[in-house]
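Topology and contacts: notes
If you want the building blocks of each chain, they are given just below.
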Amino acid sequence: MILNKEELDENQKAALNKFKEQVQSNLKDHHDDHFLIKWLQATDFDAQKAEDMFRQSLWIRKKFDLDSVLSSYHPPEVLLKYDPGGFYGYDKEGSPIFVDPLGQVDFRGILHSAKKEQVLKFKGYRAELGLKMAREKSKELNKPVCQVTCIIDMEGFGLKHLWGPGIDLFNNVLTMYEHNFPGYWKRIFVIKASSIVPTGYSLCKPFLSEYTKDRIKIFGADWKEKLQKYIDVDNLPEYYGGTGCDENDPKCSSKICYGGIIPESYYLAKKPFGQADGSTVATVDRGKKLEIVKEIETPGSILSWEFRTQEHDIGFGIFLCSPTLDDQDDMDDVLPIQRVNSHLSPEIGSFECECSGKYVIRFDNTYSWVRKKTVEYSIDISIPSEGKPDQKQQ
């Protein structure tokens with residue numbers, strides 16, 4: 001559990017004071033000592049490590065607009081309809097409850113229908129919603145409430161869920177929570193676990209902190225009775241042993257999404273491979289790379305891209321080459337190389353070129369000594385005119 005300030009020893013109090021002083025300028029009104037202690041507990045009360053972790057999270061918050069996500073964000077329809085989970089009620093101590101029917105997730109469908117960044121932002125949105133509910137309950141009860149209780153329903157979990165890209169996505173979500181929402185989970189109750197669940201857990205265990213691992217409780221056949229030790233029946237749907245019912249729906253589906261197979265109508269790749277308008281198809285041999293050079297003459301131009309691979313992932317990155325392309329040591333990475341699952345859904349992105357020069361767009365297959373990759377891509381440059389980028393060039 002998250003410690004109260006009164007429970008800290010002298011060394012821990014000193015770490016709290018140091019940490020508070022180091023990050024004071026970045027704290028919000030609701031960032032009290034309880035909030036700071038969560039970061040310290042995640043780093044064994046090392047004030048410097050806590051500060052480093054906290055400042056890295058500020059970058060993530062800016063990237064996903066988490067400070068305003070509850071008021072300005074409009075989640076993709078496919079995630080609202082098919083990404084399992086939802087908040088329902090509060091436990092006996094006032095913590096919000098997140099019900100996650102994880103066994104019903106369609107990893108393949110999600111990765112075909114949404115970008116990884118979209119999924120991570122959606123998960124950040126849910127985390128912020130849980131913290132907002134906790135703050136409101138804290139005011140109502142006049143006591144600290146800063147964590148969320150989770151019920152993970154593993155019914156339906158099987159071999160199809162142990163799919164590499166899906167596991168990678170799940171572990172990315174875990175990493176986001178651990179690094180940006182330390183101490184978020186108060187308790188994690190796992191119910192309806194099949195014999196394959198331990199294998200799945202072994203794949204994600206390295207991405208969990210010791211604190212989170214200690215929060216996990218796996219219930220057997222008597223899971224309904226055990227849940228009721230922590231949660232009153234009127235804060236549980238009938239489907240989970242409570243009395244809550246949503247217009248004759250014991251699952252309370254208006255509040256909890258139960259996932260399911262995502263229709264292909266949501267898939268991002270609408271046309272057959274190689275038939276997208278204005279695209280180029282090229283082969284990147286095994287152990288090789290493909291580089292496309294774009295000359296940017298006007299600072300403020302927007303370089304945008306869209307690509308997909310026919311099979312398997314590929315590395316993608318962008319570099320600014322100066323002064324000549326022959327000087328390969330003088331290349332700055334604008335977008336560092338990352339392997340992306342572009343065979344599942346198209347990769348789409350853009351950025352503003354702050355300076356002129358030769359930009360190198362690289363498709364990197366140097367890590368693969370077995371497979372060549374076929375990539376379909378289009379790259380556009382929008383040149384600013386009177387402060388607005390509106391002239392396009394291929």
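These lines cover the structure that appears in this document, whether it is placed above or below. The model shown is predicted, which means the values in this text are computed figures rather than measured ones.

What follows covers the overall build of the chain. In terms of helices and strands, the chain carries eleven helices and 14 strands. Seen along its three principal axes, the alpha-carbon backbone of the chain occupies a region of about 65 × 50 × 45 Å. Looking at the chain as a whole, 49% of its 394 residues qualify as buried. A separation of at least 24 residues holds for 77% of the contacts in the chain among residues at least 6 apart in sequence. Averaging the coordinates of the 52 positive side-chain charges in the chain and doing the same for the 61 negative ones gives two points 4 Å apart.

Helix-helix packing is described using two parameters, namely the angle between the two axes and the distance between the axes. Where helix α1 (residues 10-23) contacts helix α3 (residues 47-63), the two axes come as close as 9 Å, and the packing angle between them is 35 degrees. Between α1 and α3 lies a crossing whose hand is right-handed. Across from Ala15, Lys18, Phe19, Gln22 and Val23 in α1, the residues of α3 making contact are Ala47, Gln48, Ala50, Glu51, Phe54 and Arg55. In the contact of α1 with α3, the residues fall into six nonpolar, two polar and three charged.

Core analysis: the biggest nonpolar cluster contains 43 residues, and Leu79, Ile110, Ile152, Met154, Phe181, Tyr184 and Trp185 have the highest contact counts within it. Elements supplying a minimum of two residues to this core: α5 (77-82), α6 (107-113), α7 (116-141), β3 (148-153), α8 (164-180) and β4 (185-191). It is α7 that contributes the most residues to this core, seven residues altogether. Ignoring sequence-local partners within four residues, the contact set of Phe181 consists of Arg61, Leu66, Gly124, Ala127, Glu128, Leu131 and Met176.

If you trace the backbone, Gly130 turns up in helix α7. The spacing of Gly130 and Asp214 is 84 residues in sequence and 20 Å in space, taken between C-alpha atoms. Other than its neighbours up to four places away in sequence, Gly130 contacts Phe87, Pro96, Val148 and Tyr184.

All right, on to the layout of surface pockets then. The volume enclosed by the largest pocket comes to roughly 1400 Å³. What lines the largest pocket is a set of 42 residues, among which Lys63, Lys116, Glu117, Leu120 and Gln338 lie closest to the centre. When contributions to the lining of the largest pocket are tallied by element, the ones reaching two or more residues are α3, α7, α8, β8 (301-309), β10 (331-340) and β11 (347-353). For the lining of the largest pocket, the residue count by class is 20 nonpolar, 13 polar and nine charged. In this structure, the second largest pocket spans a volume of roughly 790 Å³. Sorting elements by how many residues they give to the lining of the second largest pocket places α8 first, with eight residues. Considering only residue class, the lining of the second largest pocket consists of 30 nonpolar, four polar and five charged.

So, about the packing of aromatic side chains. Here the structure, examined in full by the defined rule, presents 26 aromatic pairs. Ring geometry for Tyr184 and Trp185: centres 4.6 Å apart, planes at 90 degrees, overall edge-to-face. The two residues Tyr184 and Trp185 agree in class, both being buried. Relative to Tyr240, the ring of Trp223 has its centre 6.2 Å away and its plane inclined at 65 degrees; by these criteria the two rings are edge-to-face.

Cut-offs and rules
- Residues numbered from 1 in each chain as written.
- Predicted model: local features only at pLDDT ≥ 70, side-chain atom pairs only at ≥ 80, totals over all residues.
- Heavy atoms only, no water.
- Helix = DSSP H or I, 4+ residues; strand = E, 2+ residues; numbered from the N terminus.
- Buried < 20%, exposed > 50% of the residue type's maximum accessible area, 1.4 Å probe, protein only.
- Contact = heavy atoms within 4.5 Å.
- Lys, Arg positive; Asp, Glu negative; His and termini not counted.
- Charge placed at Lys NZ, Arg CZ, Asp CG, Glu CD.
- Axes fitted to C-alpha atoms, helices over the stretch in contact; angles between N-to-C directions.
- Left-handed = near helix turned anticlockwise from the far one by under 90°.
- Nonpolar A, V, L, I, M, F, W, Y, C, P; charged D, E, K, R; others polar.
- Core = buried A, V, L, I, M, F, W, Y, C linked by side-chain atoms within 4.5 Å.
- 1 Å grid on protein atoms, 1.4 Å probe; cavity = no way out; pocket = protein on both sides within 12 Å on 5 of 7 lines; lining within 4 Å.
- Points joined across faces, edges and corners; volume = space filled by probe spheres on them.
- Phe/Tyr/Trp six-rings, centres within 6.5 Å; stacked < 30°, edge-to-face > 60°.

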